[in-house]
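Structural overview for review
Here's the letter readout for the chains.
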Amino acid sequence: MYTIGAIIIIIGFSSFLFLNQKSFGRQPKGERLKLIKDSKNYVNGQFVNQINTQMMTGEDNMFTTMIKFLFNGNEEVRPREKFLIQKSDIKSIPIDKDFIIWFGHSSYLIQINGKRILVDPVFYKASPVALFNKPFEGTDIFKAEDMPKIDFLIITHDHWDHLDYETVIKLKDKTSKVIVPLGVGEHFEYWNFPSEMMRELDWYENTSFDGFKFYCLPARHFSGRGLKRNKTLWASFMIETSQGENIYIGGDSGYGPHFKEIGEKFPNISLAFLENGQYNENWSKIHTLPSQLGKAANEIGAEETITVHHSKFALSYHPWNEPLKNEIDASMNDGFKLRILNIGEIEYINR
């Protein structure tokens, strides 16, 4: 009995220490929590989607799904060979050159109209434990020190594969502004980011800097870095540049009415980044399925679409390269213009 009791105490204390690592961030409190409670998107103690959204849509619950994923032995979820990626020298590119560079998964840098916008950078860990969610071999060649000065850091939500503690800490001194959904600012404040550096937005709110306007818009997803979910908001963003161009940052999202709504609200979108990867029928409402990709792209209605959320981490059961085939098939079948990026390559934006 004493031995069992001691083991339980040790496990409990170890769990407490693990969950209280700085990297987990902090739950919203004080004035920020008051703002959250005033949001119409916050219901019964948590943020909710625009429409009813079931997290798990298969027969398995979250725990059994996780166990199956960790121990299913499917070798196709990761590439068998190391990625051979050309590492571009981003710092050497003049500020008057407009370009995109994708770092794999949902991390990318946009340089446009003399400003640099970095989205969801994850350069070190996509989970609280380095052993899990390891990047595909050869895809992790970019680090925080490779980044130039960042004008705007956008975080779409606080999941580990979109908000990496080590990355943002190392970027702090070279970042001017941080733009996040409501509640996510609590993490940054806990990590000693100055309050004047941050802009925290609810859906349909916007903020402006140096001729750029950032709209916080809905997505169909969820949030959380620890045991509690949906205490912070998840979002997509529209960036209106100083030259009046609209760039859509889709974040993570299942298919929903927000795609059509956003496309109608912003009829002149030059470029859209949409999620394509880590989907499964067991969580079909919170990630876009391959069969829905073309419909989402057409409803957004961008001149060009780029798909992300693939090619760096295995967070689902599908073969690692399946999303690459999906995007081409969807583009051909559904008639939207696709721009394909390779990790690490500079893709110039020509007007």
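Look up a bit, the structure's there.
So, a few notes on the structure that sits alongside this text. Everything quoted here is computed from the prediction, not taken from an experiment.

1. Some words on the overall build of the protein chain
Regarding its fold elements, the protein chain presents 8 helices and 15 strands. Relative to its length of 351 residues, the protein chain is compact, with a C-alpha radius of gyration of 20 Å against a globular reference of 20 Å. Dimensions of the protein chain, computed from the C-alpha atoms along their principal axes, are close to 75 × 45 × 40 Å. A total of 351 residues make up the protein chain; the buried ones form 54% of that total. Considering only intrachain contacts with a sequence separation of at least 6, the fraction spanning at least 24 residues in the protein chain is 71%. Counting only carbon and sulfur atoms, one obtains 53% of the accessible surface of the protein chain, whose full area is about 16,300 Å². Taking the average location of the 40 positive side-chain charges in the protein chain and that of its 44 negative ones, the two points are 5 Å from each other.

2. Points about the nonpolar core
Ranked by size, the top nonpolar core spans 40 residues in total, and within it I117, I249 and F273 carry the most contacts. Setting aside residues up to four positions removed in sequence, F273 forms contacts with I100, Y108, I110, I247, Y248, I249, G250, I306 and V308.

3. Points about the pairing of strand β8 (residues 198-201)
Bridging between strand β7 (residues 175-181) and β8 involves 4 bridges; their strand directions are parallel. Among the inter-strand pairings, P181 is bridged to a residue of β8, identified as L201. Viewed along the sheet, the connection from β7 through helix α5 (residues 185-190) into β8 turns out right-handed.

4. Some points on empty space enclosed by the protein
Under the counting rule described, the total for this entry stands at 5 cavities of 30 Å³ or more. By volume, the largest cavity is sized at about 50 Å³. Taken together, G250, G251, S253, F259, L274, E275, T288, L293 and A296 form the lining of the largest cavity. The set of elements that each furnish at least two residues to the lining of the largest cavity consists of β13 (269-275) and α7 (290-300).

5. Structural notes on the sheet that holds strand β4 (residues 108-112)
Ordered in space as β8-β7-β6-β5-β4-β3-β15, the 7 strands form an open sheet in which the pairing is mixed. Looking at which strands have only one partner, the edges of the open sheet turn out to be β8 and β15 (347-348).

6. Here's the deal with the packing of α7 against helix α8 (residues 322-334)
In the contact formed by α7 and α8, the axes pass within 9 Å of each other and the chain directions differ by 55°. Classed by the angle they form, the pair α7 and α8 counts as oblique. Crossing of α7 over α8 shows right-handed handedness. Residue-level contacts link P290, L293, G294 and N298 of α7 to N326, E327, A330 and D334 of α8. Residue composition of the contact of α7 with α8, grouped by class: 3 nonpolar, 3 polar and 2 charged.

7. Some thoughts on the sheet that holds strand β11 (residues 236-240)
Strands sit in the order β9-β10-β11-β12-β13-β14 across an open sheet of 6 strands; the sheet is mixed. Whereas interior strands pair on both sides, the edge strands pair on one side only; in this sheet they are β9 (206-209) and β14 (304-308). Neighbouring strand axes in the sheet, compared pairwise and without regard to direction, differ in orientation by 15° on average. Strands β12 (246-249), β13 and β14 of the sheet are contacted by α7, whose axis makes an angle of about 155° with β13.

What counts and what doesn't
Residues numbered from 1 in each chain as written. Predicted model: local features only at pLDDT ≥ 70, side-chain atom pairs only at ≥ 80, totals over all residues. Heavy atoms only, no water. Helix = DSSP H or I, 4+ residues; strand = E, 2+ residues; numbered from the N terminus. Rg over C-alpha atoms; globule rule 2.2 N^0.38 Å. Buried < 20%, exposed > 50% of the residue type's maximum accessible area, 1.4 Å probe, protein only. Contact = heavy atoms within 4.5 Å. Areas by Shrake-Rupley, 256 points an atom, 1.4 Å probe, with all protein chains shown as cover. Lys, Arg positive; Asp, Glu negative; His and termini not counted. Charge placed at Lys NZ, Arg CZ, Asp CG, Glu CD. Core = buried A, V, L, I, M, F, W, Y, C linked by side-chain atoms within 4.5 Å. Pairing = 2+ DSSP bridges. Right-handed = clockwise from strand over helix to strand, strands pointing away. 1 Å grid on protein atoms, 1.4 Å probe; cavity = no way out; pocket = protein on both sides within 12 Å on 5 of 7 lines; lining within 4 Å. Points joined across faces, edges and corners; volume = space filled by probe spheres on them. Axes fitted to C-alpha atoms, helices over the stretch in contact; angles between N-to-C directions. Parallel < 35°, antiparallel > 145°, perpendicular 65-115°, else oblique. Left-handed = near helix turned anticlockwise from the far one by under 90°. Nonpolar A, V, L, I, M, F, W, Y, C, P; charged D, E, K, R; others polar.

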